[in-house]
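Observations on the three-dimensional arrangement
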Amino acid sequence: MHNTDDEESQAYTTLKNLFDQTRKVYSRETPFIDAIAIQMFQPNQQETIRKANIATFLSSILGAHDVSFFHLNEFFMETFVPLGHRLLKWQGAVYLELKTQTYISALINSDGSPEAMLDELFPSDLDAQILTRHPDAPSLSPSEQDFIDRSRQRKSYLLAENSGSENVGDLPKKYSWQDFVREFASSVSKNIDAITNVPGGTSDKRSSAAAQAFHDSLLGGKPGSASLNGSSVVGREDGGKKASAASTTRQPWSKQEEDALLSGLEKVDGPHWSQILALYGRGGSISEVLKDRNQVQLKDKARNLKLYHLKMGKEVPIALRGVTGELRKRGGARARAALEVDDDDADAEGDGGMEVDEKIARPKTGGRKKSRR
């Protein structure tokens, strides 16, 4: 955005001004919008507001908005960790460095007590604050516990550094703002799809294209190359198609993933897919082996595993007995042909596995049945 005469820079400036005007309609006291304060309780309303706050947060770190460290720290969890979701490893890493930058800024620009600043940034009930984001899972995930442990270590280190004036002066060098911005941009670019499309939610093609454009710009595009005008973001249909194709690429299941799925079925006593992901998905309380899988993929894989045992005449494992999917006599050759699908396709995620199961569970009857009449 350095060249103000550039067409894309002007388009970005216009869009930013419009965004600021709209945001101020809903929030004048802080740069971020509080959904509860303005009585927006519907999930789709809250998700729209969260995305607006994400735009404010990202542009603030990258220099387009003047937002205080205080507000960035205060609204980080609200912005990046929706209710019901866990603090992921990359989020914890960014959050910790943000708190450190907030402390350094406060130390340089205020006369407050360093101990009091650190107590505010790293409160003793930080773990409880994280747990309030997912009340249905009242225990910290490995990534969340790691964040708590590292936060305590960082607090102790920063407090020790405060013992000498020379050490305090070295903090901006040890924790460089430029290094933080680069790490922040890298983390966002790697997780842009998860940031803009929360699991369980929906998004249109336009937001997906914008996310892809922002991802490309962070990976090395020139400043302003991701301006949100029709030609440079929304109009990138080819990029959107490529991103869509990449996101739907079938990934064969690993032995480790299969074991985690079977173990999860045993632990939750049945096909409770969301509970299994709470154990082994992103931010899982046991591990993150299934972090790249969703509930539909778990269901498809479990079905295919059960059908494989039935087809081979093997005893179905106890963990799979509650899973839907049975061999039917109806359908004849068509059902048998469906079972001969290549193992890679049967194990793949998404519609591939569903097609096999649909043919088995509900074999189509067509002209043959009518001819019998």
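Our structure is the block above this text.
Heads up: these notes are all about the structure in this document. The residue count restarts for each chain, going from 1 along the sequence in the order it is written. Local features in a predicted model are, by the rule used here, given only for residues with pLDDT of at least 70; side-chain atom pairs are given and counted only at 80 or more, and totals for whole chains, interfaces and linings are based on all residues. Here the side-chain values reflect all heavy atoms present in the structure, with hydrogen atoms and water set aside.

Side note on unusual backbone geometry
Despite not being glycine, Q39 has its phi angle at roughly 60°, a positive value. Working definition: helices are DSSP H or I runs of at least four residues, strands are E runs of at least two. Numbering for both runs from the N terminus. Mapped onto the elements of the fold, Q39 is located in the loop between α1 (7-26) and α2 (43-61). Between buried and exposed lies partly exposed: a residue is buried under 20% and exposed over 50% of the maximum accessible area for its type, with that area taken using a 1.4 Å probe on protein chains only. The class of Q39 is exposed, set by a relative accessible area of 60%. Phi angles above zero are rare outside glycine, and D269 is one such case at about 60°. Tracing the backbone through its elements, the reader meets D269 in the loop between α15 (255-267) and α16 (273-280).

Remarks on the side chain of R86
Turning to its location among the elements, R86 is positioned in the loop between α4 (76-80) and α5 (89-109). According to the relative accessible area criterion, R86 is buried, its value standing at 11%. Contacts described as polar in this section are N or O atom pairs within 3.5 Å, which, within protein, must combine one atom able to donate a hydrogen with one able to accept it, while residues neighboring in sequence count only if both atoms come from side chains. Within the structure, R86 has its side chain in polar contact with the backbone oxygen of S139 (distance 3.0 Å). Side chain to side chain, R86 and E144 meet in a polar contact 3.4 Å long. In this description, contact between two residues means that some pair of their heavy atoms is separated by no more than 4.5 Å. Sequence-distant contacts of R86, that is, excluding residues within four places in its chain, are made with V81, Q91, H134, A137, S139, L140, S141, E144, A278, G283 and S285.

Focus: helix α6 (residues 114-121)
Of all the positions in α6, only P114, M117, L118 and L121 are classed as buried. Taken around the axis of α6, the buried residues stretch over an arc of 95°, which confines them to a single face. The elements touched by buried residues of α6 are α3 (69-74), α5 and α8 (142-161). The reported arc concerns the directions from the helix axis to the C-beta atoms and nothing else.

Quick look at the environment of D269
D269 sits in the exposed class, given a relative accessible area of 65%. D269 sits 51 residues away from L320 along the chain, and the two C-alpha atoms are 9.9 Å apart.

Description of the packing of α5 against α8
Axis definition: a line fitted to C-alpha atoms, over the contacting stretch in the case of helices. Angles run 0 to 180 degrees between N-to-C directions. α8 packs onto α5 with a crossing angle of 20° between their chain directions and a minimal axis gap of 9 Å. Between α5 and α8, the angle is such that the two are roughly parallel. α5 and α8 meet at a crossing whose hand is right-handed. For the pair α5 and α8, contact is made by K89, G92, A93, Y95, L96, E97, K99, T100 and Y103 and by S143, F147, R150, S151, R154 and L158, respectively. Residue classes in the contact of α5 with α8 are distributed as six nonpolar, four polar and five charged. Angle categories are assigned with fixed cut-offs, so that under 35 degrees is roughly parallel, over 145 is roughly antiparallel, 65 to 115 is roughly perpendicular, and the rest are oblique. Each helix crossing is assigned a hand: it is left-handed if the near helix lies turned anticlockwise from the far helix by less than a right angle, otherwise right-handed if that turn is clockwise. Here the nonpolar group is Ala, Val, Leu, Ile, Met, Phe, Trp, Tyr, Cys and Pro; Asp, Glu, Lys and Arg are the charged ones; every other residue, Gly included, is treated as polar.

So, the packing of aromatic side chains
Pairing of aromatic side chains here covers Phe, Tyr and the six-membered ring of Trp, requires ring centres within 6.5 Å, and sorts the geometry by plane angle: under 30 degrees stacked, over 60 edge-to-face, intermediate tilted. Going through the model one piece at a time under the given rule, you end up with 13 aromatic pairs. Between the aromatic rings of F57 and F80, the centroid separation amounts to 5.0 Å while the plane-to-plane angle is 90°, which identifies the pairing as edge-to-face. Residue F57 is located in helix α2, and its partner F80 is located in helix α4; the two are separated by 23 residues in the primary sequence. Each of the two residues, F57 as well as F80, counts as buried. Plain terms: the ring middles of F180 and F184 are 6.1 Å apart, the flat faces sit at 35° to each other, and that makes the pair tilted. Taken as a pair, F180 and F184 lie in helix α10 (residues 177-190) at a separation of four residues, close to a single helical turn. The same class applies to F180 as to F184, namely buried. Three or more aromatic residues joined by ring pairs form one cluster here, namely F32, F57, F69, F75, F76, F80, W90, Y95, F147, W177, F180 and F184. A ring is considered to have a charge above it if a Lys NZ or an Arg CZ atom is located within 6 Å of its centre and within 35 degrees of its normal. Directly above the ring of F122 sits K99, whose terminal nitrogen or CZ lies 5.8 Å from the centroid.

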